[in-house]
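# A closer look at the structure
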Amino acid sequence: MMRVIGLISGTSVDGIDAALVEISGKDLDIEVTLLAGATYPYPDALSKQILEVCGGASLSMAEFAQLDDAIASAFAQAAQNIQNGNPTAELIGSHGQNVYHRPPTDDLELPILDSGLKKIPNPKSKMGYSLQLGRGALIAHLTGIPTVNNFRAADIAVGGQGAPMVPAVDAYLLSHPDKHRCVQNIGGIGNVAYLPARQGNWLEDIRGWDTGPGNALLDLTVQHFTNGSKTYDQDGAWAATGTPCKALVDQWLSQDYFQQSPPKSTGRELFSFEYLQHCIADASAYELSTSDLLATLTELTAASIVHSYRTFLPRMPDEVLLCGGGSRNLYLKQRLQATLEPVPVLTTDEAGVSADFKEAIAFAVLAYWRNLGIPGNLPQVTGADKAVLLGDVHLPHNSKDAR
Ligand SMILES: Nc1ncnc2c1ncn2[C@@H]1O[C@H](COP(=O)(O)OP(=O)(O)OP(=O)(O)O)[C@@H](O)[C@H]1O
Ligand SMILES: CC(=O)N[C@H]1[C@@H]2OC[C@@H](O2)[C@@H](O)[C@@H]1O[C@H](C)C(=O)O
């Protein structure tokens, strides 16, 4: 048994999710007990700067270094705080703060050194890139706890998307002996793990991808029309007062990302404020109120999820389990249920895994697997050439051990 802390802040930048868990077993026999979970909001100025960077703002290298230090320090404090009054941890799995994600692209021109010697094999041109700040060496030093981070790089290096990375963990924590399940995270971005019933070669039939926008467009809309006084549509109450425009949802669903076959991943790089501005321009032809616009973007979120199931899954699931902050959006949950009828839409809480802290738990498990030498990616999900060990291991170097 090992006590591990999982840390993550994702594309919503709403704070650092921390989970302290006890883990035993390896894969089919794995057992995870959540000892403590908490969300630690960033200081407003730091959150604002991260959102600007996620929105494409430029940084000098000095500003980049300072931001990385600030995030690492915040993550280290979250790790210390989650242990207060709880058992101490032996390992940290830190996803870090996502600031940039580039899915594998076809038009990458890599320079080749003209060494005149044996040609260097040109890395696959379809190379992705994904950057999460909060460097592990500093977290390890500040906490005195071995820290694993940078989980996406190894999957990308073998040609994968680098996301979603949780399906392997979902498979062992949330699969069912008889029911086919979709575990649907609704964070800033939405991502699904399709878990066949645990029969036969079910592991080979696991699927997963980023479905598209989760809360990102809804948050951007609320922030825009309230001049930042509100940051999200609490319980979906504002959207519930509007009427969705089906013509716009159908028009937006025809866009490339929603039609693209998996493996696929995305982020705020696509579902950005600029994307929202195009939606607002499209909506002007229909004279929508702000409530109608919010209802229509909520409908797009729900429709993009269901469209991807109907288009890319071998069959519809027996049930859908929601997690992530969007699982608290009651209007979105109701629209998903109406669109998926008769498939029940539940939350992972009802299957015994915290909907609020499942992502943080997942990175604790990924760090635990790294420590055991167990690969953490699913090539059939990310498109990677093979299963690989995920994460860089950083050991604390206290003075007496320093070499
Ligand atoms: N009660 C609520 N009603 C509606 N929306 C909510 C509620 N609580 C949280 N949210 C939404 O959840 C978002 C945060 O969700 P979460 O923490 O899962 O995002 P994230 O992990 O940063 O995103 P990602 O998974 O894309 O990295 C908030 O920005 C907000 O939009
Ligand atoms: C680059 C990045 O942070 N991507 C996130 C994002 O937020 C949701 C979705 O897109 C998911 O694919 C991913 O995170 C989760 C933890 C994952 O990798 O499974």
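The shown structure was predicted, so the numbers you read here are calculated from the model rather than taken from an experiment.

This next bit is on the site of ligand 2. Near ligand 2, the surroundings consist of 17 residues, among which R152, M165, V166, N191 and D210 are the closest. Between ligand 2 and M165 there is a distance of 2.8 Å, counted from an oxygen atom to a backbone nitrogen or oxygen. In this structure, V166 approaches ligand 2 through a main-chain N or O atom, which is 3.0 Å from an oxygen atom. Relative to its unbound accessible area of 430 Å², ligand 2 is 97% covered by the protein chains. Those elements that place two or more of their residues in the shell around ligand 2 are β4 (91–102), β5 (129–133), β8 (189–195) and α12 (358–372). The element best represented in the shell around ligand 2 is β4, accounting for three residues.

Attention now goes to the site of ligand 1. The full set close to ligand 1 counts 21 residues, and T11, G188, D219, D235 and G325 are the nearest of them. The side chain of T11 places a nitrogen or oxygen atom 2.5 Å from an oxygen atom of ligand 1. Here an oxygen atom of ligand 1 and a side-chain polar atom of E359 are 3.2 Å apart. Alone, ligand 1 offers 650 Å² of accessible surface; in the complex the protein occludes 89% of this. Taken together, domain 1 (2–163 + 357–394) and domain 2 (167–343) each give at least three residues to the shell around ligand 1, which thus spans both.

Right, let's talk about the UniProt feature "binding site: ATP" (unreviewed entry) in the protein for a bit. Mapped onto this structure's residue numbering, the UniProt feature "binding site: ATP" (unreviewed entry) falls at G10, T11, S12, V13, D14, G15, I16 and D17. With sequence-adjacent residues up to four places away left out, S12 is seen in contact with L51, G187, G188, D219 and R268. Within the fold, I16 resides in strand β2 (residues 16–24). Owing to a relative accessible area of 2%, I16 belongs among the buried residues under this scheme.

Quick notes on the rules
- Residues numbered from 1 in each chain as written.
- Chains lettered and ligands numbered in written order.
- Predicted model: local features only at pLDDT ≥ 70, side-chain atom pairs only at ≥ 80, totals over all residues.
- Heavy atoms only, no water.
- Near = heavy atom within 4 Å.
- Polar contact = N/O pair within 3.5 Å; in protein donor to acceptor, adjacent residues only side chain to side chain.
- Areas by Shrake-Rupley, 256 points an atom, 1.4 Å probe, with all protein chains shown as cover.
- Helix = DSSP H or I, 4+ residues; strand = E, 2+ residues; numbered from the N terminus.
- Domains from an automatic or database assignment.
- UniProt positions renumbered as here; feature names shortened; annotations may be inferred.
- Contact = heavy atoms within 4.5 Å.
- Buried < 20%, exposed > 50% of the residue type's maximum accessible area, 1.4 Å probe, protein only.

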